[in-house]
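# Survey of secondary and tertiary structure
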Amino acid sequence: MTYPLLTTSHLFAPIEIGPLKLNHRVAMAPLTRSRAGQPGNVPDAMNVEYYRQRASAALIISEATQISQQGQGYAWTPGIHTPEQIEGWRAVAAAVHAEGGRIFLQLWHVGRVSHPSFQPGGALPVAPSALPAPGKTFVVDASGKGVWADVPTPQALTTAGIAEIVRDYRQAARNAMAAGVDGVEIHAGNGYLLDQFINSASNHRTDAYGGSIENRARLLLEVVDAITAEVGPGRVGVRLTPMGRFMGMGDATPAATFGYIARRLNDWPLAYLHLVEPAMVGTVKDDIVDPRWDALILDMRATYHGVVMLAGGYDARSAEKAIADGRADIIAFGRPFIANPDLPWRLRTSAALNTPDPATFFGGTAVGYTDYPKAA
Ligand code: FNR
């Protein structure tokens, strides 16, 4: 069966981000799959194969990857803070490059969404304020099985602790580039550490990192500054989930808060700004979409002068329209990429899509990971 090609596609027009020329605009969104090699949370041969299969993405953004042991919040997620992890990611980057693909590594610190079993010395997880997240995390029990566990009330970070985290981000970015990836994405959404600082619901600090919008955005901007200094221009993306409510997020003045961040991000030569539609943050489907979101995204799009990537519930038609309308420059696809390793080709040719199976999203074997078939 043959499929007509879209001759005037905006989605399949090339674009440059920093020094990289991308052939089209279908990116692979960051997707936690909790299948890193054990022990040590090291990318292994199965992970290499998964990313190799998806190298036809304009840009792969890796699954969230902890910058330090303190930054881990879920079982079996990969890190980028040990020599073994750097070698593991080197094999992933090499496989993607061998297929002509591009990959950024998503840098992650979960903050309060963690558990003492992941923390050095069994300590309490760290956060802007001693306020627990209204959620659970996934830990390993004594028999090696994954189980859901309540998160404890975290400890509020000292300013020395904050400075250490900025250093950890910078070191992680250096490690990622040493592994051969094309750039890094700073995960500043989904209720994790940087988002916990940004949102007034989770940040009750009274020092230079809390209170005003400038203070709540300070840690993110310090991280952006440190990482861009480390890896150079055009190789750092920032992912935000404005108005997301996952893990207890909420801000008193979202338009002002995220408008300020969008404006300030113009001060660094980033690769892109990546925003997620609030209807789909993480894996949680929010049934209430705040009507202020649409105005906020348009405002951030106008305020930020660089490349904008959008994600969340897109299909071929809505992605094409978003690019054509100037709402975004690149669209990232999450769940469709789990089930369709050759997603760009399928979108380009209107081929039928495989359906992703949520039962195999997190943890497990090659089933539901590297065994989704290509169309041709
Ligand atoms: C996600 N998402 C996500 N986001 C992120 O920034 N880092 C991550 O590691 C993950 N992990 C993750 C795992 C799984 C199994 C899902 C389904 C989602 C969110 C993801 O990048 C994307 O924004 C959403 O899936 C919405 O896009 P789609 O799936 O509607 O195209």
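A short tour of the structure in this document, coming up. Everything quoted here is computed from the prediction, not taken from an experiment.

With that settled, the discussion passes to the overall build of the chain. Check the secondary structure of the chain and you find 10 helices and 16 strands. Along the first, second and third principal axes, the C-alpha set of the chain runs to 60 × 50 × 40 Å. Counted over contacts in the chain with a minimum sequence separation of 6, partners at least 24 positions apart contribute 73%. Summed over all atoms, the accessible surface of the chain reaches about 14,400 Å², with 57% contributed by carbon and sulfur.

Attention shifts here to the packing of aromatic side chains. Under the definition given, this model contains 11 aromatic pairs. Centroid distance Tyr50 to Tyr51: 4.9 Å. Interplanar angle 75°. Geometry classified as edge-to-face. In terms of burial, Tyr50 and Tyr51 fall into one category: buried. Residues Trp108 and Tyr192 carry aromatic rings whose centres are separated by 5.3 Å and whose planes lie at 85° to one another, so their mutual orientation is edge-to-face. Separated by 84 residues along the polypeptide, Trp108 in strand β5 (residues 103–108) and Tyr192 in the loop between β10 (183–187) and α4 (193–198) bring together distant segments of the chain. As far as the burial class goes, Trp108 and Tyr192 line up, both buried.

A word on the environment of Met243. Here Met243 lies in the loop between β11 (236–240) and α6 (254–264). Considering only alpha carbons, one finds Met243 and Ala217, 26 residues apart in sequence, at a separation of 15 Å.

Looking now at the site of the ligand. With respect to spatial proximity, 21 residues lie near the ligand, and among them Pro30, Thr32, Arg239, Gly313 and Arg335 are the closest. Measuring from an oxygen atom of the ligand, one finds a side-chain N or O atom of Thr32 at 2.7 Å. For the ligand, an oxygen atom lies 2.5 Å from a polar atom in the side chain of Arg335. In isolation the ligand offers 600 Å² of accessible surface; the protein chains occlude 97% of this area.

Before going further, it helps to spend a moment on the pairing of strand β16 (residues 330–333). Both faces of β16 are covered, namely the face carrying Ile330 and Ala332 and the face carrying Ile331 and Phe333. Inspection of the sheet shows strand β3 (residues 26–28) paired to β16 by three bridges, in the parallel sense. Paired with Met28 across the two strands is Phe333, which belongs to β16. Both strand β15 (residues 308–311) and β16 contribute to a ladder of three bridges, which runs parallel. When the sheet's bridge partners are listed, Leu310 is paired in β16 with Ile331. Crossover connection from β15 via helix α8 (residues 316–324) to parallel β16: handedness right-handed.

Each regular strand displays side chains that alternate between the two surfaces of the sheet. Burial within β5 is extensive, with six of its six residues counted as buried. Alternating residues of β5 divide into Ile103, Leu105 and Leu107 and Phe104, Gln106 and Trp108, and every residue in both groups is buried. Looking at chain direction, strand β4 (residues 60–66) and β5 are connected through five bridges and run parallel. Bridge assignment links Gln66 to a residue of β5, and that residue is Trp108. Looking at chain direction, β5 and β10 are connected through four bridges and run parallel. Counterpart to Leu107 in the pairing with β10 is Ile186.

Listed as buried for α8 are Ala319, Glu320, Ala322 and Ile323. End-on view of α8: buried residues confined to an arc of 160°, all on one side of the axis. Across from the buried face of α8, at angles greater than 90 degrees, the exposed residues are Arg317 and Lys321. Sitting at the amino-terminal end of α8 is Asp315, which places a side-chain oxygen 3.2 Å from the backbone nitrogen of Arg317. Gly326 occupies a position one or two residues after α8 and carries a positive phi of about 80°.

All right, on to the packing of α6 against helix α7 (residues 292–303) then. At their nearest, the axes of α6 and α7 sit 9 Å apart, and the two run at 20° to each other. Considered as vectors, α6 and α7 are oriented roughly parallel to each other. Between α6 and α7 lies a crossing of right-handed hand. Where α6 abuts α7, its residues Pro254, Ala255, Phe258, Gly259, Ala262 and Arg263 lie against Arg292, Leu296, Asp299, Met300 and Thr303. Residues belonging to the contact of α6 with α7 are distributed by class as follows: six nonpolar, two polar and three charged.

Analysis parameters
Residues numbered from 1 in each chain as written. Predicted model: local features only at pLDDT ≥ 70, side-chain atom pairs only at ≥ 80, totals over all residues. Heavy atoms only, no water. Helix = DSSP H or I, 4+ residues; strand = E, 2+ residues; numbered from the N terminus. Contact = heavy atoms within 4.5 Å. Areas by Shrake-Rupley, 256 points an atom, 1.4 Å probe, with all protein chains shown as cover. Phe/Tyr/Trp six-rings, centres within 6.5 Å; stacked < 30°, edge-to-face > 60°. Buried < 20%, exposed > 50% of the residue type's maximum accessible area, 1.4 Å probe, protein only. Near = heavy atom within 4 Å. Polar contact = N/O pair within 3.5 Å; in protein donor to acceptor, adjacent residues only side chain to side chain. Pairing = 2+ DSSP bridges. Right-handed = clockwise from strand over helix to strand, strands pointing away. Arc of directions from axis to C-beta. Axes fitted to C-alpha atoms, helices over the stretch in contact; angles between N-to-C directions. Parallel < 35°, antiparallel > 145°, perpendicular 65-115°, else oblique. Left-handed = near helix turned anticlockwise from the far one by under 90°. Nonpolar A, V, L, I, M, F, W, Y, C, P; charged D, E, K, R; others polar.

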